[in-house]
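Here is how the chains run, residue by residue.
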Amino acid sequence: MSDSTITPWVVGNWKMNPMQANSQQLIQDLKQFLEHAPITEQQCHVGVAPISIALLSIQQSLQGLSTPIKVVAQDLSCMAGTGAYTGEVSAELLKDSQIDYVLIGHSERREIFGDDVNKVKAKVSNALNAGLQVIYCVGESLEQRESGQAEQVVLQQICDLAAVVKADQWHNIVIAYEPIWAIGTGKTASPQDAQNMHAKIREGLIQITEEGQRTAILYGGSVKPENAVELAACPDINGALVGGASLNAESFYKIALAFSKQNN
Ligand code: 13P
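Let me begin by describing the structure that accompanies this report. Here the structure is a predicted model, which means the values were calculated and not measured.

## Focus: the overall build of the protein
Step number 1: Scanning the protein from terminus to terminus reveals 10 helices and 8 strands.
Step number 2: For the protein, the C-alpha radius of gyration of 17 Å lies close to 18 Å, the compact-globule estimate for 264 residues.
Step number 3: Taken over the C-alpha atoms alone, the protein extends approximately 50 × 45 × 35 Å along its principal axes.
Step number 4: By residue count, 50% of the 264 residues in the protein fall in the buried class.

Right, dumping it as structure tokens:
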């Protein structure tokens, strides 16, 4: 079971949305909720992952907020440093722009954009070596779940991660379990199914590193205000990676509230 001191994370993955004006509006709306009823960093790490060209303007818009919101990149290059790599943004360039967090291994990148295991490993390694904090996504397809392979697939993804994370880098890892069949489908894993997989992930992590006890494991896949409270009550679910519902400030705020530690 999770160490009770884990601070939850709720991160909005905006994916390839929305237009700039709407993303600014979304941030203004979210700021209003947070200014009215703040969620402290001790209660929950709240983050948003906008499209790459909006990272800096969103970061700018969030300045001065009493409860900081983390700005998270949705991806980064598997090449490090700087160089002749048209279209790429490296870990070092993100860090240079004070973008300190990055999603890696999202199933949409793995499935649509050819992020195979070697690319994912290179991205993780580059990100950690540049001092970024990584939200590493794992999850099985419907076919894999129905054929009884879900656990094996997810634990293999954790082993892939372990192959590149150095002992002193685990504190910069957050895991997001996102069953592919639950993403954008309206079908959430039942809290029990999600908890079971999170507990397996936790066991796997603890075998690899002592830090596994303290690693936040987020659930992603059709998280909404309506199911957030039940998911948040599961002992090994330490937050959420939210897609669709993060495009609405009120829904996203309510989800963050559901996961926040209320008594801090
Ligand atoms: P939805 O919340 O839209 O299902 O997306 C989940 C996701 O992929 C977050 O990274």
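## With respect to helix α7 (residues 150-162)
Step number 1: Along its 13 residues, α7 runs 19 Å from first to last C-alpha, staying within 8% of the 18 Å computed at 1.5 Å per residue.
Step number 2: Among the residues of α7, those classed as buried are Ala150, Val153, Val154, Gln157, Ile158, Asp160 and Leu161. Projected down its long axis, α7 shows its buried positions confined to an angular sector of 155°, all on one face.
Step number 3: Buried positions along α7 lie against α4 (107-112), α5 (117-129), β5 (133-138), α6 (142-146), β6 (173-177) and α8 (191-208).

## Concerning the layout of surface pockets
Step number 1: Its volume calculated, the largest pocket comes out at about 640 Å³.
Step number 2: In terms of lining residues, the largest pocket is bounded by 25 residues, among which Ser52, Gln74, Asp75, Leu76 and Arg109 are the most central.
Step number 3: Of all the secondary structure elements, the ones that give two or more residues to the lining of the largest pocket are α4 and α5.
Step number 4: Tallied by class, the residues present in the lining of the largest pocket amount to 11 nonpolar, 6 polar and 8 charged.

## Digging into the side chain of Ser141
Step number 1: With respect to the element layout, Ser141 can be found in the loop between β5 and α6.
Step number 2: Overall, Ser141 belongs to the buried group, its relative accessible area being 16%.
Step number 3: The contacts of Ser141, once residues within four sequence positions are left out, are Ile180 and Trp181.

## Here we look at unusual backbone geometry
Step number 1: The phi torsion at Gln98 lies on the positive side, around 60°, for a residue other than glycine.
Step number 2: Its place among the elements puts Gln98 in the loop between α3 (91-96) and β4 (101-104).
Step number 3: In this structure, Ser222 takes a positive phi of about 55° despite not being glycine.
Step number 4: Considering the arrangement of structural elements, one finds Ser222 in the loop between β7 (217-220) and α9 (225-232).
Step number 5: Taking the relative accessible area as the measure of exposure, Ser222 reaches 15% and is therefore buried.

## Considerations on the packing of helix α1 (residues 20-36) against helix α10 (residues 249-259)
Step number 1: Orientation of α1 relative to α10, taken along the N-to-C sense of each, is 40°, at an axis distance of 9 Å. Classified by the angle between their axes, α1 and α10 sit oblique to one another. α10 is crossed by α1, and the crossing has right-handed handedness. In contact with Leu26, Asp29, Leu30, Phe33 and Leu34 of α1, α10 contributes Ala249, Glu250, Phe252 and Tyr253.
Step number 2: For the contact of α1 with α10, a count of residues per class yields 7 nonpolar, no polar and 2 charged.

## Points about the site of the ligand
Step number 1: Taken together, Asn13, Lys15, His106, Glu178, Ala182, Ile183, Gly184, Gly221, Ser222, Leu241, Gly243 and Gly244 make up all the residues around the ligand.
Step number 2: Between the ligand and the protein, one listed contact pairs an oxygen atom with a side-chain N or O atom of Lys15 at 2.8 Å.
Step number 3: For the ligand, the accessible surface in isolation is 310 Å², of which the surrounding protein chains cover 95%.
Step number 4: In terms of residue class, the shell around the ligand is made up of 3 nonpolar, 7 polar and 2 charged.

## A look at the pairing of strand β3 (residues 70-73)
Two faces make up the sheet, and in a regular strand the side chains alternate between them.
Step number 1: Residue alternation in β3 divides its side chains into two sets, Lys70 and Val72 and Val71 and Ala73, and both sets are buried.
Step number 2: As judged from the 2 bridges shared by strand β2 (residues 45-49) and β3, these two strands associate in the parallel manner. If you follow Val48 over to β3, its bridge partner there is Val71.
Step number 3: At this point the chain moves from β2, through helix α2 (residues 55-61), to the parallel β3, and the crossover so formed is right-handed.
Step number 4: Bridge count between β3 and β4: 2 bridges; the pairing is parallel. Following the sheet pairing, Ala73 is matched in β4 by Val102.
Step number 5: The handedness of the β3 to β4 crossover, carried by α3, is right-handed.

## Looking at the sheet that holds β7
Step number 1: Taken in spatial order, the 8 strands line up as β1-β2-β3-β4-β5-β6-β7-β8 and close into a barrel, and their pairing is parallel. Adjacent strand axes in the sheet meet at a mean angle of 25° when their direction is disregarded.
Step number 2: The pairing of strand β1 (residues 9-13) with β2 spans 5 bridges and is classified as parallel. By the bridge assignment for β2, Trp9 is matched with His45.

Procedures and definitions
- Residues numbered from 1 in each chain as written.
- Predicted model: local features only at pLDDT ≥ 70, side-chain atom pairs only at ≥ 80, totals over all residues.
- Heavy atoms only, no water.
- Helix = DSSP H or I, 4+ residues; strand = E, 2+ residues; numbered from the N terminus.
- Rg over C-alpha atoms; globule rule 2.2 N^0.38 Å.
- Buried < 20%, exposed > 50% of the residue type's maximum accessible area, 1.4 Å probe, protein only.
- Expected span 1.5 Å × (residues − 1).
- Arc of directions from axis to C-beta.
- Contact = heavy atoms within 4.5 Å.
- 1 Å grid on protein atoms, 1.4 Å probe; cavity = no way out; pocket = protein on both sides within 12 Å on 5 of 7 lines; lining within 4 Å.
- Points joined across faces, edges and corners; volume = space filled by probe spheres on them.
- Nonpolar A, V, L, I, M, F, W, Y, C, P; charged D, E, K, R; others polar.
- Axes fitted to C-alpha atoms, helices over the stretch in contact; angles between N-to-C directions.
- Parallel < 35°, antiparallel > 145°, perpendicular 65-115°, else oblique.
- Left-handed = near helix turned anticlockwise from the far one by under 90°.
- Near = heavy atom within 4 Å.
- Polar contact = N/O pair within 3.5 Å; in protein donor to acceptor, adjacent residues only side chain to side chain.
- Areas by Shrake-Rupley, 256 points an atom, 1.4 Å probe, with all protein chains shown as cover.
- Pairing = 2+ DSSP bridges.
- Right-handed = clockwise from strand over helix to strand, strands pointing away.

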